[in-house]
Amino acid sequence: MAAAVNAPSDRRSRPLRRFLRNPGGLIGLALLVLLLLVALLAPAIAPDPIEQNILQRLSPPSSAHLLGTDQLGRDVWARVAHGAAISLKVGFGVVLLSVLIGVVIGLLAGSLGGVWDNLLMRLTDIFFAFPSLILAMAIAAALGPNLGNTILAVALVSWPVYARLVRANVLALREREFVEAARALGVPQWRLMLRHLLPNTLTPVFVQASFDVGGAILTAAGLSFVGFGAQPPIPEWGAMVSETRSYIAEAFWAPTSPAVAILLTVLAFNLLGDALRDVLDPRANA
Amino acid sequence: MWRKFQRLASLGIVLGALAVAQDRTSTLIYGGDWSDLITLDPQVAYEFSGGLITDNLYETLVKFEGADLSTLRPGLAESWKVERGGDSWVITFKLRRGSKFSTGREVTAKDVVFSFDRAIQLKGPSSFLFTDIAQLKVGGTRAVDPYTVEVRIPKTASPGSFLSILTFNIGGIVDSEEVQKHAKGGDFGKEWLTNNSAGSGPFRLVRWDRGSQVLLEANPNARLKPKLQRIIMREIKEPTVLRTALESGEIDIAEGLTPEALKAIAANPRFKTLKADSLRLNYMGMNVKPGSPFANPKVREAMRWAVNQDELVSGLVQGNGVKIQTIIPKGLLGYNNALPYKYDPARAKKLLAEAGYPNGFEFELLTSTGLCGGGIPCQDIATKIQSDLAKAGIKANIKAIANAEALKIYRAQSHQVYLGGWSPDFPDPDGNATPLADFTAKSLAWRNVWDDATASKLANQGSLETDPSKRAALYKLLTDYALKSGPYVILYQPSIPLGFSAKVEGYVRNAQGQVRFENISKLP
Amino acid sequence: MSGRGKDFPVPAPETLNPIMLSYIVRRLFFVLFVVWGVTFATFFIAQVVPVDPAIAALGENAREEQLQEFRERYGLNKSKLEQYLIYMGRLLSGDLGQSLRTGRAVAEDLREFFPATLELSLVAFALAVLLGIPAGILASLFPNRAPDVAVRILALLGGATPVFFSAVLLQYLLAQRLDLLPVQGRLDGFLFPPPRVTGMMSLDALLARDWTVFLDSLEHLILPAFVLGMFSAAILARMTRATMLEVLAQDYIRTARAKGAVASSVIFRHALKNASLPILTLLGSLLGGLLSGAVLTETIFSWPGIGRYVTQSATSLDFPAVMGVTLLVGLVYALVNLVTDLLYAFLDPRIRYT
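As annotated in an unreviewed UniProt entry, chain B carries the name Periplasmic dipeptide transport protein and is attributed to Calidithermus roseus.

The name given to chain A in an unreviewed UniProt entry is Putative D,D-dipeptide transport system permease protein DdpC, with the source organism recorded as Calidithermus roseus. According to the UniProt record, the Sequence similarities (unreviewed entry) comment for chain A is "Belongs to the binding-protein-dependent transport system permease family."

Take a look at the structure:
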């Protein structure tokens, strides 16, 4: 029964080497490390993101304000830097929450089978068919706009992909010999699920999750852009683009800086996801 | 690929330009955020954009002219008189002969009776102007002969207020025969009039593409002949797009520009700008209910010392509004130009210490996610104030939510401080004095739990006083009193930022937001 | 279809057979089920709202009697269960209820706004297909060489750029600075819109044979459609590239190439046909995504579609309207998926109808 879980060690070292040879993955990793550093060090390396100087509003980048100031005279670099932690929180928060929901539902559906499987998967289908941004907007509008609700709303529309992934893997694994053997030995259902099925489905979930962090950040920024997200003066990147977009002609730096930050962050996670898929799941991409 | 699109695009521009060149001087495109437009029925419309348009589709019995809001002028009625009749006021209107609806029918007294009764029976959002303020009832309007209308309102109502209400679109006269033809199941033709017109105004409604544009054409039968053939109200919500559209000639008038855009456009000889007055006040309302820090007048005063109004007006509002600290706006009788408060955090701190808050305090600042007057997002204003207050040791936590949601909290007296705007319902100081000062009116004073006998009494006296100079004296007392102990921090009186192509002439807007489209023309 | 048979390991079915028919019927039931689920979920969400829709609709100065009357008119003072049953009952007769904000029937609002979204999405979809698939093929033919690297970088950027920013930026650069394209709306204001037939401006102009209006409406479509389609184009390019690489690596293609078949004929006769199935599936979900993804694009371009309608409705907590939109988009989404699945099943006989 340990065979599938504890893979031989030489097979484990190969993915790492493959990853190191993947330029996209390395770039993604470097971007992510940079992002984490900025997020962690923001209070040390950037000024106060809320401090206003209205008399210096919309002033261009200078030594005093690396990325210029916004419509309230706040330092754009400070807001971008402090926004890093927020976007990461949103991205990881959404993915963690949706993985949690998806894994539980997928595991239950796959291992219980029968009516339960049918019921849970139809529920998944409904959420899958839902226009996600519109649903997230409805949820955020109903709950009241704040970051926590944004995370909840985006997670509620992103979990079905995990449920399907986990269920498919569970069904495939159930047919495998070691699971059948374990069942023949009288190992209870829930132990089977936790000890064997779950670890084996983690790889595809992990790959999918690495993609979704970027997507979640993008969706949440979109929600903030239309006013259903972070509240002022929180330096959320999507909200920053939204608040400053009317000034693009006079102060292009104000909306462009947070937008580039979003782009780089999403790019980092997409590159990482690509690389992880190539490395961990070689069948998926030639 | 992309270059090909560009070439295709320029080709289209050339072709399009050729075809439309001849219409350009007779057609005017007016861009702005008309997304609040939900009906063009004069008796139902209560939104800014609905009023702006219906004012030009329908005529009223009396009206204001130009920017003046103090002298009533003849509209469909060539004369009128107010008399006392027993326990009521009798107002008699003499209609002009020969005014015609766009349908070709003549405007007569029965149309006036129908329109007024219709306003009451439809119970639209503005119907309270008729039913509550003028206390007009169905049957109160009577056709004496085809050109004479008599209206009776109770003696407790003010005939002056009623006449000024009649200048609004709710007093617009509709073609009763045409409307009744389209009535369905007792709706008084409401469904049909939502996107059709049957008025005697200078324009008639041709087509309303919701969310996109409203197309008006000169009414061939109108008494007031417009200078333009066609007016298109183009819906544009994004301020950047509005500016670009004006600069590229896609539109002729842009309403709601940012201060920066307005400045840039003013500097360009191809354009001109206007900051049109409004009667709106942007303010903060502090809930003074017992137990709240704001129950102490010293805290309220400290708040007024702790807002940097000069920076707010010069830096953020940037001339899209003027400084004001009293509760009756500039442009109305009783406006008080006192400006005693200057930004002084130290003084605010001292007052707080006297009030028992030596270390300041914390509160929730409720506002809407939308725009406050002058085209400035309410959130930007809240954020600015938040940082001013912080220097006086007061911590404001901003809660910006959908307007409706914020209003619900405000109307339930559940806020701590609300930041928003207020416009009087009719152009009279009473439109501000009573709601802001009289607790029993269940309006702003009530929402902020400001139950103050002095203020209520002054507001009541002011509303009943008919002598203008005595009235002005009463309002001076009231505004000074509210300035010292009221629950408000008045922030500024916004203006409407407008940009025009230099070819547009004759645009005048009064502080009620009314624009007479028939006077606008366009140079070739 | 039989002509294609030789490219597949198993021959294709000739016509619709009973098994497939019952599959279609079952899928249609499923569509209904999904649509019901969508309405139920939205109704459920609407109940969380802490706000009084009456105030949302009537505004700050509304009197208490007006509010009360409004609540009665829209049944807002009935119990939740009653409200739901009434809603479902009406829904069965095709009545989506009344919008609290516009006061009109939601169905009427949707009829007014949906064609604009459909037009925008279809053009965006066409742009995405025209840009994405050729780019993907091009990249797959020159793996790791300049065209491939260029396409991959563009696709990565296209997939990571927030659409609300690319919209604002392109609008500023192309429309304002270069004055190449109109910034907003569907038609030049000085042009008279064509009589409304389909509600799609360009199609209506064609029907009216008004070429000036037709060209002008296309011009107004380019920028928003490009912005909206960019993300889909990026995904399509990536997917096409990956699929093509996989197919090109297969033995029979290699054989054909080794036998000296001209490169282009090999690609189009064999590889593309085999790569078309996964791309087809993706196309289906992309089209569905475009319809709901139009929310941000429409807001920025003043495009009078359901995306902007639903944003405004959600802002003013007009849940009957929000439910109408989710219902419509959910329905379209489910139908598009159904059609894709059927096409898929039709093209690939290996699929079992289960």
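The discussion continues.
Draft legend 1. Highlighting the packing of aromatic side chains. In the structure shown here, the tally under the stated rule is 26 aromatic pairs over all chains. Taking the centre distance of 5.7 Å and the plane angle of 80° together, the rings of F92 of chain A and F269 of chain A count as edge-to-face. With F92 of chain A in helix α3 (residues 76-112) and F269 of chain A in helix α11 (residues 253-280), this pair connects stretches of sequence that are 177 residues apart. When the centroid spacing of 4.0 Å and the interplanar angle of 15° are considered together, the rings of Y410 of chain B and Y418 of chain B count as stacked. Just as Y410 of chain B is buried, Y418 of chain B falls in that class too.

Draft legend 2. Quick look at the UniProt feature "transmembrane region" (unreviewed entry) in chain A. Residues and elements named next belong to chain A. UniProt records the feature "transmembrane region" (unreviewed entry) at residues 90-114, 126-144, 150-166, 205-231 and 251-273, using the numbering of this structure. Between the C-alpha atoms that bound residues 150-166 there is a distance of 25 Å. The span itself is 94% helix and 0% strand. Taken as a whole, residues 251-273 contains 91% helix and 0% strand, while its terminal C-alpha atoms sit 34 Å from one another.

Draft legend 3. Local environment of helix α2 (residues 23-45) of chain A. Residues and elements named next belong to chain A. The first and last C-alpha atoms of α2 sit only 29 Å apart over 23 residues, clearly below the 33 Å expected at 1.5 Å per residue. Among the residues of α2, G24, G25, G28, L31, L32, L35, V38, A39 and A42 are the ones counted as buried. Regarding α2, its N-cap is N22, as a side-chain oxygen of that residue lies 3.1 Å from the backbone nitrogen of G24 further along.

Draft legend 4. Local environment of helix α12 (residues 306-315) of chain C. Residues and elements named next belong to chain C. Judged by how many residues are buried, α12 sits mostly within the fold: nine of ten residues are covered. For α12, the complete set of buried residues consists of I306, G307, R308, Y309, V310, T311, Q312, S313 and A314. At the exit of α12 stands L317, carrying a positive phi of roughly 55°.

Draft legend 5. Seen up close, the confidence of the model for chain A. Averaged over every residue, the pLDDT of chain A is 83; residues scoring 70 or more account for 93%. Taken together, the stretch residues 1-12 of chain A has pLDDT below 50 and engages in eight contacts with residues farther than four places along the chain or on a different chain.

Draft legend 6. Spatial organisation of the sheet that holds strand β21 (residues 496-501) of chain B. All names here are of chain B. If you walk across this open sheet you meet the seven strands as β8-β9-β10-β1-β11-β21-β12, and the pairing is mixed. The open sheet terminates on both sides in strands that have one partner only, identified here as β8 (203-209) and β12 (271-276). Pairs of neighbouring strands in the sheet enclose a mean axial angle of 20°, with direction left out of account. Pairing geometry for strand β1 (residues 27-32) and strand β10 (residues 230-235), over six bridges, is parallel. Residue pairing for β10: G31 is matched across the bridge by R234. Across the sheet, helix α9 (residues 259-266) lies against β12 and β21, angled at about 135° from β12, the strand it touches most.

About the criteria used
Residues numbered from 1 in each chain as written. Chains lettered and ligands numbered in written order. Predicted model: local features only at pLDDT ≥ 70, side-chain atom pairs only at ≥ 80, totals over all residues. Heavy atoms only, no water. UniProt positions renumbered as here; feature names shortened; annotations may be inferred. Phe/Tyr/Trp six-rings, centres within 6.5 Å; stacked < 30°, edge-to-face > 60°. Helix = DSSP H or I, 4+ residues; strand = E, 2+ residues; numbered from the N terminus. Buried < 20%, exposed > 50% of the residue type's maximum accessible area, 1.4 Å probe, protein only. Expected span 1.5 Å × (residues − 1). Polar contact = N/O pair within 3.5 Å; in protein donor to acceptor, adjacent residues only side chain to side chain. pLDDT = per-residue confidence, 0-100. Contact = heavy atoms within 4.5 Å. Pairing = 2+ DSSP bridges. Axes fitted to C-alpha atoms, helices over the stretch in contact; angles between N-to-C directions.

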